[in-house]
Amino acid sequence: MSLTNKVVLVTGAGQGIGKAIALRLAKDGADVALVDVKPEGIQAVAEEIRALGRKATTFVADVSKQDQVFAAVDHTERELGGFDIIVNNAGISQVASLLEVTPQEVERIQAINVHGVLWGIQAAAKKLKALKKPGKIINASSIAGHDGFALLGVYSSTKFAVRALTQAAAKELASDGITVNAYCPGVVGTDMWVDIDQRMADITGAPVGATYKKYVEGIALGRAQTPEDVAGFVSYLAGPDADYMTGQSPLIDGGLVYR
Ligand SMILES: NC(=O)c1ccc[n+]([C@@H]2O[C@H](COP(=O)([O-])OP(=O)(O)OC[C@H]3O[C@@H](n4cnc5c(N)ncnc54)[C@H](O)[C@@H]3O)[C@@H](O)[C@H]2O)c1
């Protein structure tokens, strides 16, 4: 198993893509710390991981708060006896016209999607340096980090920012043996897309379900992405086969955005 004896922290691990990543990395042999702003989901995921024979611990934190992210990393090391990998997965969506979006809405999504990733990079890198260990930092970007999408403009800007942080952190941390990469999913059938579809319907008047269907119809492989499709790629990024890769944000989207 590629992650035997590794300790991984996953943010936004209570549902959706983060849950699938946590379960997949546990199947790869890792012990996993599950971090989320909501307590319910991570408790259930922890039980699933323990049933696989791996250790799991939970920690409730809001990734937009620097001190809470640092506390989550400290908790992980204390409870699981080490620290090797962070997956900065937590994020929120936002559907709004660039002409209508408010300062409060912009600040909220930047605090979670951009600052949350930055605090995760900081906390993980400082812990790895203190432990004098190599490690991996893996961040959630998106197809919206490669293309700006209408009514998802501010969301897109946060995911472009994740790619910038990923590149800069890769350059700053390479000499410490820490690699930094991102994953860029396409249209994944999680609660996030239920919400995006509903808010698109509210703004454009499209029937509920129509926006999701339109996006899925644009996928070359002909189906929506599953959280497990994303988790398989994150498993690669977390494992030894990705040791020579850093600063990259590859698309894993079934053929939707091409770079
Ligand atoms: N669903 C998609 O199609 C898609 C596509 C590309 C990228 N992504 C990205 O993947 C990541 C996960 O998306 P998802 O679809 O699983 O979303 P989701 O809404 O299903 O789950 C997100 C999880 O993050 C948690 N979270 C939200 N704000 C948080 C905060 N401030 N602190 C800690 N936890 C917080 C939520 O409680 C939830 O458990 C996000 O960064 C998202 O932008 C999703």
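You'll find the structure just up there.
All of the points below concern the structure found in this document. (Residues numbered from 1 in each chain as written. Predicted model: local features only at pLDDT ≥ 70, side-chain atom pairs only at ≥ 80, totals over all residues. Heavy atoms only, no water.)

### Some words on helix α2 (residues 39–51)
When the terminal C-alpha atoms of α2 are compared, their 19 Å separation across 13 residues agrees well with the 18 Å that a helix rising 1.5 Å per residue should span. Burial in α2 covers these residues: I42, V45, A46 and I49. Axial view of α2: buried residues confined to an arc of 110 degrees, hence all on one face. For α2, the exposed residues set more than 90 degrees away from the buried face come down to E40 and A51. As for α2, its buried residues are in contact with α1 (16–27), β2 (31–36) and β3 (56–60). After α2 finishes, the residue G53 shows a positive phi value of roughly 90 degrees. (Helix = DSSP H or I, 4+ residues; strand = E, 2+ residues; numbered from the N terminus. Expected span 1.5 Å × (residues − 1). Buried < 20%, exposed > 50% of the residue type's maximum accessible area, 1.4 Å probe, protein only. Arc of directions from axis to C-beta. Contact = heavy atoms within 4.5 Å.)

### Looking at the sheet that holds strand β7 (residues 251–252)
Spatial ordering of the open sheet is given by β3-β2-β1-β4-β5-β6-β7, a layout of seven strands whose pairing is parallel. Single-partner strands in this sheet number two, and they are β3 and β7. Of the pairings in the sheet, the one linking strand β1 (residues 7–11) to β2 comprises five bridges and is parallel in character. Bridge pairing in β2 links V7 to D31. Across the sheet, helix α3 (residues 66–80) touches β1, β2, β3 and β4 (85–88), and the angle it forms with β3 is around 160 degrees. (Pairing = 2+ DSSP bridges. Axes fitted to C-alpha atoms, helices over the stretch in contact; angles between N-to-C directions.)

### Quick look at the packing of aromatic side chains
Tallying each qualifying case throughout the model produces four aromatic pairs. Here the aromatic rings of F149 and Y215 are separated by 5.9 Å at their centres, their planes lie at 45 degrees, and the arrangement is tilted. Within this pair, whereas F149 is found in the loop between β5 (135–140) and α5 (153–173), its partner Y215 is found in helix α7 (residues 210–217), the two being separated by 66 residues in sequence. In this structure, F149 and Y215 share a single accessibility class: buried. Pairwise contacts between aromatic rings join F149, W193, Y212 and Y215 into one cluster. Its guanidinium or amino end placed over the ring of F160, R163 lies 5.9 Å from that ring's centre, counting from NZ or CZ. (Phe/Tyr/Trp six-rings, centres within 6.5 Å; stacked < 30°, edge-to-face > 60°. Lys NZ or Arg CZ within 6 Å of the ring centre and 35° of its normal.)

So, to be careful, I would describe these as geometric facts and stop short of saying anything about function.
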